[in-house]
Amino acid sequence: CELPMVVDDATHKVFLTKLAELQKPAGQELLSEIIRIGRASSASPQLHFVLETICRLRVYWQLLTANHRAGVHRTGAGVFRDDIRLSSIAKNVLEGVVAQTNTTYSCCPDINISGGEDTTACLTHAEPNLSYIFAELMKNASRATVEEHHRKGLPNTTLPPVEVSIRSLEDGNIVEAEFSDCGAGIHKNEIDRVWQFGYTTSAKKHHKAATKADTAIVAGFGLGLPMSRMYAEQFGGSLTFGNTDKGCSVVFRHSREGAEGLCPVYPPTFD
């Protein structure tokens with residue numbers, strides 16, 4: 001893709017759009033290879049760090065180009081929005097999560113979204129990134145709940161719900177969203193692996209990165225959690241994972257200021 005000689009703003013946006021389209025096939029191949037390498041039993045912590053760094057750099061590039069192409073608007077700049085309500089993000093992705101789960105398993109647990117209706121459970125962030133995180137965590141929770149329920153031989157009519165709890169802490173300076181399922185949980189020796197590319201507890205494993213034709217696939221790639229953590233950490237947030245007495249819980253936590261500085265956090269040096 002040849003860089004235009006005269007780079008005014010409109011020409012630059014057209015160039016970035018074309019460049020993003022050209023990079024899509026290579027991006028799919030890159031993620032597929034990362035899945036393959038990540039699943040290798042011999043993959044060392046150093047190698048997983050290299051894979052993660054490659055993905056982080058690609059995520060940053062995608063964010064910066066998408067942000068420039070979006071321009072300035074009434075509610076923020078580029079893909080960033082001021083005062084994004086986390087409850088709205090959860091509700092916006094709910095329909096898609098339910099449809100995908102139903103397509104894969106012919107059933108879906110109820111997904112209960114609670115809290116976050118007040119203005120303190122908001123933050124400044126890149127809206128597409130938050131939508132990705134919430135959709136992935138809701139899909140994971142739904143998948144784990146359904147598969148464990150089926151493993152026990154129980155009917156779909158008795159599926160327990162997935163709980164999404166949104167809250168603000170520390171006088172409104174911190175926002176949290178907790179995603180709780182009724183799955184099988186993760187063995188304590190496996191917990192650290194949930195952030196590795198290619199690792200999945202799903203009964204339906206896939207070996208290539210998802211394309212547009214795979215929109216009904218709920219889980220099995222081993223990409224959702226590590227990519228969600230990258231998006232969460234871009235502007236100083238975090239994802240934490242733990243077992244509960246019912247299944248698993250993943251907590252997204254972020255300062256309310258979020259991405260006000262619009263400066264991604266570069267990955268730390270591996271030691």
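Please refer to the structure placed before this passage.
If you're wondering where the values come from, they're calculated on a predicted model, not measured in any experiment.

Caption draft 1: Up close: the overall build of the chain. Of regular secondary structure, the chain possesses five helices and nine strands. The linear arrangement of helices and strands in the chain, starting from the amino end, is α-α-β-β-β-α-β-β-α-β-β-α-β-β. Counting all 271 residues of the chain, 44% fall into the buried class. When contacts within the chain are restricted to residue pairs at least 6 apart in sequence, those whose partners lie at least 24 apart make up 73%. When the accessible surface of the chain is split by element, carbon and sulfur atoms take 54% of a total near 13800 Å².

Caption draft 2: Highlighting helix α5 (residues 224-233). Counting buried positions along α5 gives nine out of 10 residues, so the element sits mostly inside the fold. Along α5, the positions that sit buried rather than exposed are G224, L225, P226, M227, S228, R229, M230, Y231 and A232.

Caption draft 3: Structural detail: the pairing of strand β8 (residues 238-243). Note that β8 and strand β9 (residues 248-255) share six bridges and pair antiparallel. Along β9, the bridge assignment pairs F241 with V250.

Caption draft 4: Spatial organisation of the environment of S255. Locating S255 in the fold gives a position in strand β9. When the C-alpha atoms of S255 and L123 are compared, they prove to be 7.4 Å apart, with 132 residues separating the residues in sequence. Residues within four places of S255 in sequence aside, it is in contact with L123, N173 and I174.

Caption draft 5: Spotlight on the packing of helix α3 (residues 86-105) against helix α4 (residues 127-151). One way to put it is that α3 packs onto α4 with a least axis distance of 8 Å and a crossing angle of 40 degrees. When the interaxial angle is binned, α3 and α4 end up oblique. Crossing of α3 against α4: the hand is right-handed. Across from L86, I89, A90, V93, L94, V97, Q100, T101 and Y105 in α3, the residues of α4 making contact are E127, L130, S131, F134, A135, M138, K139, S142, R143, V146, E147 and H150. Classifying every residue of the contact of α3 with α4 by side-chain character gives 12 nonpolar, five polar and four charged.

Caption draft 6: Molecular detail of the pairing of strand β5 (residues 122-126). Of all five residues in β5, five are buried; the element is thus mostly enclosed. Judged by which residues are buried, β5 turns out to be covered on both faces: C122, T124 and A126 on one side and L123 and H125 on the other are all buried. In this sheet, β5 lies alongside strand β3 (residues 80-85) in antiparallel orientation, the contact comprising four bridges. By the bridge assignment for β5, R85 is matched with C122.

Caption draft 7: Highlighting the sheet that holds strand β4 (residues 111-115). Read from one edge of the open sheet, five strands run β4-β6-β7-β9-β8, paired in mixed fashion. With partners counted over all chains shown, the strands left at the sheet margins are β4 and β8, one partner each. Each strand of the sheet is rotated relative to its neighbour by a mean of 15 degrees, with strand direction disregarded. Here strand β6 (residues 162-169) pairs with strand β7 (residues 174-180) via seven bridges, running antiparallel. Bridge assignment links S168 to a residue of β7, and that residue is V175. Its contacts with the sheet put α5 on β8 and β9, and the angle it makes with β8 is roughly 140 degrees.

Caption draft 8: Representation of the nonpolar core within the structure. Ranked by size, the top nonpolar core spans 42 residues in total, and within it L86, F134, M138, M227 and F252 carry the most contacts. For this core, the secondary structure elements donating two or more residues are α2 (45-70), α3, α4, β6, β7, α5, β8 and β9. Ignoring anything within four residues of it in the chain, the contact list for F134 reads L86, I89, A90, V93, A177, F179 and F252. In terms of nonpolar packing, the next biggest core, distinct from the first, is built from five residues, L63, V79, A126 and F235 among them.

Caption draft 9: Summary view of the side chain of D181. Assignment of secondary structure puts D181 in the loop between β7 and α5. Despite its burial, D181 remains without a salt bridge, the nearest opposite charge being carried by R143 at 6.8 Å. Within polar-contact distance, the side chain of D181 engages the backbone nitrogen of G183 at 2.9 Å. Looking at D181, its side chain comes within polar contact range of the main-chain nitrogen of C248, at 2.9 Å. Setting aside its immediate chain neighbours within four residues, D181 contacts A141, A144, T145, K246, G247 and C248.

Caption draft 10: Main features of the pattern of salt bridges. As enumerated under the stated definition, the model contains 10 salt bridges in all. Residues E233 and R229 are paired through a salt bridge, measuring 4.0 Å at the closest nitrogen-oxygen approach. With E233 and R229 both in helix α5, this residue pair falls four residues apart, about one helical turn. Overall, the relative accessible area of 23% leaves E233 in the partly exposed class. Assessed through its relative accessible area of 17%, R229 is described here as buried. Three or more residues are tied together by salt bridges with common partners; here these are R167, E170, E176, E178 and R253.

Calculation criteria
- Residues numbered from 1 in each chain as written.
- Predicted model: local features only at pLDDT ≥ 70, side-chain atom pairs only at ≥ 80, totals over all residues.
- Heavy atoms only, no water.
- Helix = DSSP H or I, 4+ residues; strand = E, 2+ residues; numbered from the N terminus.
- Buried < 20%, exposed > 50% of the residue type's maximum accessible area, 1.4 Å probe, protein only.
- Contact = heavy atoms within 4.5 Å.
- Areas by Shrake-Rupley, 256 points an atom, 1.4 Å probe, with all protein chains shown as cover.
- Pairing = 2+ DSSP bridges.
- Axes fitted to C-alpha atoms, helices over the stretch in contact; angles between N-to-C directions.
- Parallel < 35°, antiparallel > 145°, perpendicular 65-115°, else oblique.
- Left-handed = near helix turned anticlockwise from the far one by under 90°.
- Nonpolar A, V, L, I, M, F, W, Y, C, P; charged D, E, K, R; others polar.
- Core = buried A, V, L, I, M, F, W, Y, C linked by side-chain atoms within 4.5 Å.
- Lys, Arg positive; Asp, Glu negative; His and termini not counted.
- Salt bridge = Lys/Arg side-chain N within 4 Å of Asp/Glu carboxyl O.
- Polar contact = N/O pair within 3.5 Å; in protein donor to acceptor, adjacent residues only side chain to side chain.

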